[in-house]
Amino acid sequence: MAKQMEKPEWARVAEAFEASGQTQREFALARGVRLSTLQSWVYRRRRAATARVEPVRLLPVQVATAPMASESVLEVMAASGARVRFAVGTDVAYVARLVAALGR
């Protein structure tokens, strides 16, 4: 009968599996451990790693209205740095095609 492993030992086994590059079945056979037990400890390790991720912080915002301009103009800045200014009400499909062409 195989020696019982303690929690810290299983944590190290799960960590070794992650670094091994083997499938869970290959690793379990090579180490002489039960596949289902290995799977359980790998799951626990991955779940604990996910839990350590810092939670998303939401910040308060305040919506302000823009001052009214005599002429309403919108601007799109392409990833290349090119700027396209157009009047409110311009066909959106036209603007999209223009920005896509500038991005090429």
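Scroll up for the structure.
Rules used in this analysis
Note on numbering: residues in each chain are counted from 1, in written sequence order. For this predicted model, a pLDDT threshold of at least 70 governs which residues receive local features, and a threshold of 80 or more governs which side-chain atom pairs are given and counted, while totals over whole chains, interfaces and linings are taken from all residues. In computing side-chain properties, one takes all heavy atoms of the structure into account and sets aside hydrogens as well as water. Working definition: helices are DSSP H or I runs of at least four residues, strands are E runs of at least two. Numbering for both runs from the N terminus. The buried label applies to any residue whose accessible area, calculated with a 1.4 Å probe on protein chains only, is under 20% of its type's maximum; exposed applies above 50%, and partly exposed to all values in between. Only heavy atoms enter the contact rule, under which two residues are in contact if any of them lie within 4.5 Å. Each accessible area is a Shrake-Rupley result for a 1.4 Å probe, and residues are judged covered by the shown protein chains and nothing else.

**Student:** Got a minute to help me understand the overall build of the protein in this structure?
**Tutor:** Check the secondary structure of the protein and you find 4 helices and 2 strands. Reading the secondary structure of the protein in the N-to-C direction produces α-α-α-β-β-α. By residue count, 13% of the 104 residues in the protein fall in the buried class. Of the contacts formed within the protein by residues at least 6 apart in sequence, a portion of 25% connects residues at least 24 apart. With an accessible surface of roughly 9000 Å², the protein has 56% of that area assigned to carbon and sulfur atoms.

**Student:** When you look at the environment of Gly-103 in this model, what are you seeing that I'm missing?
**Tutor:** Mapped onto the secondary structure, Gly-103 falls in the segment after helix H4 (92-102). Exposure remark for Gly-103: the relative accessible area of 58% places this residue in the exposed category. Note: C-alpha distance between Gly-103 and Ala-79 (24 residues apart in sequence) is 6.9 Å.

These values are about where atoms sit, not about what they do.
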